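What the coordinates show
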Amino acid sequence: MKKILVVDDSEDIVSSLADLLGEFNYLVLTARNASEGITIVQEHHPDIILCDILMPGVDGYECLEMLKNNPQTREIPLIFLTARAEKAEIEKGISAGAVKYLTKPFDSKELLKIIEDILK
Amino acid sequence: MKGFPKFRNALFLSYIWVSLIPILVLAIVSLYLLAGYVENNALEKNNLVAELTANEVSTFIQGNLNSLNILKEALNNSGSSDQKEIQKLLQAILGNHGSFENIFILNRQGTVTNLIPYNPLFIGFDFSTNDFFTQTAAGNRTYFSQSFIFPLTNLPSIIIAIPYDGGVIAGIITLSGLNEILNKIRPGESSNAAIADAKGAFIAHTDLQKVRQREIEENLGLFRQGSRTNSGFRWLEYDNKNVLTSVSFVKNLNWAIIIYQDEKEALAPVKNIRSLTYLGMAISLILVLFFSIRRTYNITRPVSKLIAETKRVSSGDYSSKVECELYDEFNKLIDEFNLMIENIQQREKHFSSLFYNNGTKMLLMDNSSMKIIDANPAAAEFFSMNAEEMKNIDINRAEYSLIFNISSDKNDVQNYIVQTRVNNSDKYLDIYAAPIELREGSFSYLIIHDITDRILAEKEVEEYKSRLERLVEERTNQLSVANEKLALELENVRRIEENLRDQLSFFAKVIDTVPVPIFIRDMNRVYVDCNKFFEHYIGKTRDEIIGRSLFELIPEPFASKYAAMDDSLINLRNIQSYEYKFPDADGRLKDVIFNKAALIKADGTPVGIIGSFQDITEHKLMEEEIKKALDKEKELNELKSRFISTTSHEFRTPLTAILSSADLLEMYGRKWPEEKYYKHTGQIRRSVKYMTELLDDILTISRAESGIDAFSPGYINLHEVCSEVMESVRVKANEKHILRFDSQLGKNYFNLDEKLIRQILSNLLSNAIKYSPDGGMVRLSVSSHAGRLHIDVSDEGIGIAEEEKKNLMLPFYRARNAGTIPGTGLGLSIVKKSVELHGGEIFFDSRLNAGTTFSIIIPLTGDGNEENSGG
């Protein structure tokens, strides 16, 4: 069973994503902030990470940089799910090393397809 | 120099010709002679061999014939009666001469009477019709038959028949003995020898095959002729080879003895000699080449050296000297050359010194490039340049083009005087220019004499002379007219003075009425005149101003500044305009623009300055206000764009929750348990509610920002309003906090906007509850004091970090420690706006994890604001 970590400060979104991904037989891990997310990554080594950018404390970019600096977590694909929809932000996210940058609100089916493609 | 042959090449070729021709001729002649000698030698040898062979063959046949003759004698003497005796004789002959195959004795009728080897079958055999019998018997002479292959031996044979008294004796002789002769005398390994009979058929051959197959020698006719000249047949093709052929004929039988020798073998010595000759020639050629190159080089080297040195000399390097060489003539030439160079060097030095050390200005110019290529120090000094700069002068520039007379024909000697500017002063120059034609091109040589002083002196004398003449003439005329004019002049002067007085008073009036302060100061900075407006500005009367110095009337540091500006104006004899301050009669500093001009007498001496100024204080103030307004506008714009981007972000989060839940409900809602179903509908509802609140907040702020209908105060019972808000907040808080309300207001009415006050209270109170732990105390105190309303809301919550305090009131700003506590970040900005609309102020005091107190002070305005309405 593939493991997916969802990091978002919005409880509603974390809960919806957990329900959605659970229906597709993914094992869903959740974190409400980036520090918690990084701890979970190191313990459980998820196959994919969905991460918000604007969060209190450590933000999504800093979180991605920490993961990339650690050889054990460097290869885990990370998708940014964020309300920041400006073009400059999308480019910044991709160049930071995220495999995909999805703007909120996103289509559930599209997210599922992207996850499937990456896991393939 | 094209077109002429090179001496070196010619010399070299001569050497080659002289040495090579005798070698070639000698080699060719000796080769020719030797080849002929060898060839003749070989032929002679072969001819001799052929002749010897012919003799041998002749001897061989003669031997057999002799045997038959012995038999004939015996038969003639014995009368041929006893056949047994004959048989014995025959056997003796056969024993001596192995060449006989058979010997037949025939009687006169041509029948065999006896034979050896004896065969009774042949006795009585009739040969009367055979050639050998008929011809021998008829001619009574010796008969030699043609050669034929004798069937019993299968060898070439002939029949020899001789007559005797009782008939004919015939012997069949096998010719195989001839081959033995041939093999014995064969001249060389690759040679062949052959014997052909009179018809050309080979009867003997070193190649026996040819005999057996009865081959025919086709050249027999040719040989017959050749044999007579005894020269042999030098070249014949035989078995596809060139062969040396010699032929000799056997007497009586007319047989040909032919010796063929392979040409290669025969002429082998010639080949060796030829190879040797070629080798000798090659060595000679190399020696000749070596010798020729060496000699040519030795002879032409001094000439080349001289040419190189001459080139150096012609390019201007006179330090040349050539060393002596091998040959006397060259040494003399070199000595003369060196002498010549020394002479040239001397002359070069002489001319250089004439050029460079000459006080006269001299230049050398290239006519094609129009560049100066050399200038002596005197010329360089004249043009105030160094020699290099001289070379870069652009001759086409106006002042130089005159000097170098660039448009003229450069082929003639010229002498001309020009007037031009050199180093910014006018000069008269007497110039001598002469062409120099050199191999490198065409040049001009210029000698320049500065005759400015002379010309000027001449001119001055000329002018002086003419002025003197004019003066004398004028004076004479003037004296006569002077008296008449004097009377008229006096009248005129009186009239002009009157006019002048009128004009002056007119201008004084004009200047007084101009609404601009005008003043005049002399060179000692003393005021000599001013207009009414200036009096007004400075707050003194004209009498108090005129005659007083600048420093007496104007305080420092302004007086010093004005004086400094006056000095610079007088120095430049110009007009001046500058912006500065001016202290007016009341001591206020005004921003003014000074406009000043220097007053200069006709003879050029300055007498003072005249000035005016314009008050631009109002303009300045206006400018500053406009700038402030612009800054504010810019700030507002930035705020707006940040607000829009933040707002869109705030909307996206609940929209995401809604979309996610909607997607999930659509996909799985039907099969989910109720609890999960409602979880997501609840989520949608919550998000919508959040968005609605957010929108309300935004609209509130927007209204406040735009100022339309934002503030509509009325008299309200503040105590009551506070109680109501308290109550609604308490309900929302689920009674988990302790809420306290301290009021010293009583039932007073205040002139406030109720809607805004409610916003202030509900936002501050709900924040206090939101950011405090359960059970924490939240307190609202309201009081009015000295015309000001005080509202304080305090809590025991998480507090606000020091570094976040300055941003706290910005729209959408949320402190980090707010964490996941829901909120739009707009509450406090709404509060701030609402307070500001009331003309009040908001402060807060906070310690992390200890609590926060927000304090609001609103000034109470309006009549009877703190109205006691009967309470």
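This structure is a prediction, so every number in the text was calculated from the model and none was measured.

1. Focus on the sheet that holds strand β15 (residues 425-438) of chain B
Residue and element names in this part refer to chain B. Taken in spatial order, the 5 strands line up as β13-β12-β16-β15-β14 in an open sheet, and their pairing is antiparallel. The strands lining the two open edges of the sheet, one partner per strand, are β13 (371-375) and β14 (414-422). Sheet twist, expressed as the average angle between the axes of neighbouring strands with direction ignored, equals 35°. Of the pairings in the sheet, the one linking strand β12 (residues 361-366) to strand β16 (residues 441-450) comprises 6 bridges and is antiparallel in character. Directly across from Lys 361, in β16, lies its bridge partner Ile 448. Sitting on the sheet, helix α9 (residues 328-356) is in contact with β12, β13 and β16, with an inclination near 105° to β13. Of the strands in this sheet, β15 and β16 touch helix α13 (residues 452-513), which is tilted by about 135° from β15.

2. Regarding the packing of aromatic side chains
Residues and elements named next belong to chain B. For the coordinates displayed, the defined rule picks out 32 aromatic pairs over all chains. Seen from their ring centres, Tyr 562 and Tyr 580 are 6.2 Å apart, and the 80° between their planes marks the pair as edge-to-face. Of the two residues, Tyr 562 is situated in helix α17 (residues 558-572) and Tyr 580 in strand β19 (residues 575-583); the sequence distance between them amounts to 18 residues. Here the aromatic cluster, defined as three or more aromatic residues joined through ring pairs, consists of Phe 519, Tyr 527, Phe 533, Phe 534, Tyr 537, Phe 558, Tyr 562, Tyr 578, Tyr 580, Phe 582, Phe 594 and Phe 613. Geometry around Phe 382 places Lys 361 over its ring, the cationic atom sitting 5.2 Å from the centre. The cationic tip of Lys 561 hangs over the ring face of Tyr 580; the distance from NZ or CZ to the ring centre is 5.2 Å.

3. Structural notes on the interface of chain A and chain B
Contacts between the two partners involve 24 residues from chain A, matched on the other side by 26 residues from chain B. Summed over both partners, the interface of chain A with chain B buries about 2,100 Å², with 56% contributed by carbon and sulfur atoms. Summed over the three residues of chain A that lose the most area to chain B, namely A:Asp12, A:Asp19 and A:Glu23, the buried surface amounts to 25% of that side. Joining chain A to chain B, the criterion identifies 4 salt bridges. Here B:Lys676 and A:Asp19 are joined by a salt bridge, their closest N and O atoms 3.8 Å apart. In this structure, the connection of chain A to chain B is made through 11 residue pairs in polar contact (both at pLDDT 80 or more).

4. Digging into the nonpolar core
Residue and element names in this part refer to chain B. One finds Ile 103, Leu 178, Ile 195 and Trp 255 to be the most contacted residues of the largest nonpolar core, which totals 37 residues. Among the elements that line this core, the one with the most residues is helix α1 (residues 7-78), at 10 residues. Setting aside its immediate chain neighbours within four residues, Ile 103 contacts Leu 68, Leu 71, Leu 90, Ile 93, Asn 114, Leu 115, Ile 116, Ile 169, Ala 170 and Gly 171.

5. Observations regarding the packing of α1(B) against helix α8 (residues 268-314) of chain B
In a pair of packed helices, the angle between the axes and the distance between the axes together describe the arrangement. Residue and element names in this part refer to chain B. Closest axis-to-axis distance for the α1/α8 pair is 9 Å, and the angle between their directions is 165°. Put simply, α1 runs roughly antiparallel to α8. The hand of the α1/α8 crossing is right-handed. The residue makeup of the contact of α1 with α8, split by class, is 24 nonpolar, 6 polar and 3 charged.

6. Side note on the sheet that holds strand β4 (residues 78-82) of chain A
Residue and element names in this part refer to chain A. Reading across from one edge, β2-β1-β3-β4-β5 is the order of the 5 strands in this open sheet, with parallel pairing throughout. Among the strands making up the open sheet, the edge pair consists of β2 (27-31) and β5 (100-103). For this sheet, the mean inter-axis angle between neighbouring strands, taken without regard to orientation, is 20°. In this sheet, β5 lies alongside β4 in parallel orientation, the contact comprising 4 bridges. Within the sheet, the bridge partner assigned to Leu 81 lies in β5 and is Leu 102. Contacting β1 (3-7), β2, β3 (48-51) and β4, helix α1 (residues 11-23) runs over the sheet at an angle of about 170° to β2. Helix-sheet contacts for helix α3 (residues 60-69) involve β3, β4 and β5, and the interaxial angle to β4 is about 175°.

Conventions and cut-offs
- Residues numbered from 1 in each chain as written.
- Chains lettered and ligands numbered in written order.
- Predicted model: local features only at pLDDT ≥ 70, side-chain atom pairs only at ≥ 80, totals over all residues.
- Heavy atoms only, no water.
- Pairing = 2+ DSSP bridges.
- Helix = DSSP H or I, 4+ residues; strand = E, 2+ residues; numbered from the N terminus.
- Axes fitted to C-alpha atoms, helices over the stretch in contact; angles between N-to-C directions.
- Contact = heavy atoms within 4.5 Å.
- Phe/Tyr/Trp six-rings, centres within 6.5 Å; stacked < 30°, edge-to-face > 60°.
- Lys NZ or Arg CZ within 6 Å of the ring centre and 35° of its normal.
- Buried area = accessible area lost by both parts, 1.4 Å probe.
- Salt bridge = Lys/Arg side-chain N within 4 Å of Asp/Glu carboxyl O.
- Polar contact = N/O pair within 3.5 Å; in protein donor to acceptor, adjacent residues only side chain to side chain.
- Core = buried A, V, L, I, M, F, W, Y, C linked by side-chain atoms within 4.5 Å.
- Buried < 20%, exposed > 50% of the residue type's maximum accessible area, 1.4 Å probe, protein only.
- Parallel < 35°, antiparallel > 145°, perpendicular 65-115°, else oblique.
- Left-handed = near helix turned anticlockwise from the far one by under 90°.
- Nonpolar A, V, L, I, M, F, W, Y, C, P; charged D, E, K, R; others polar.

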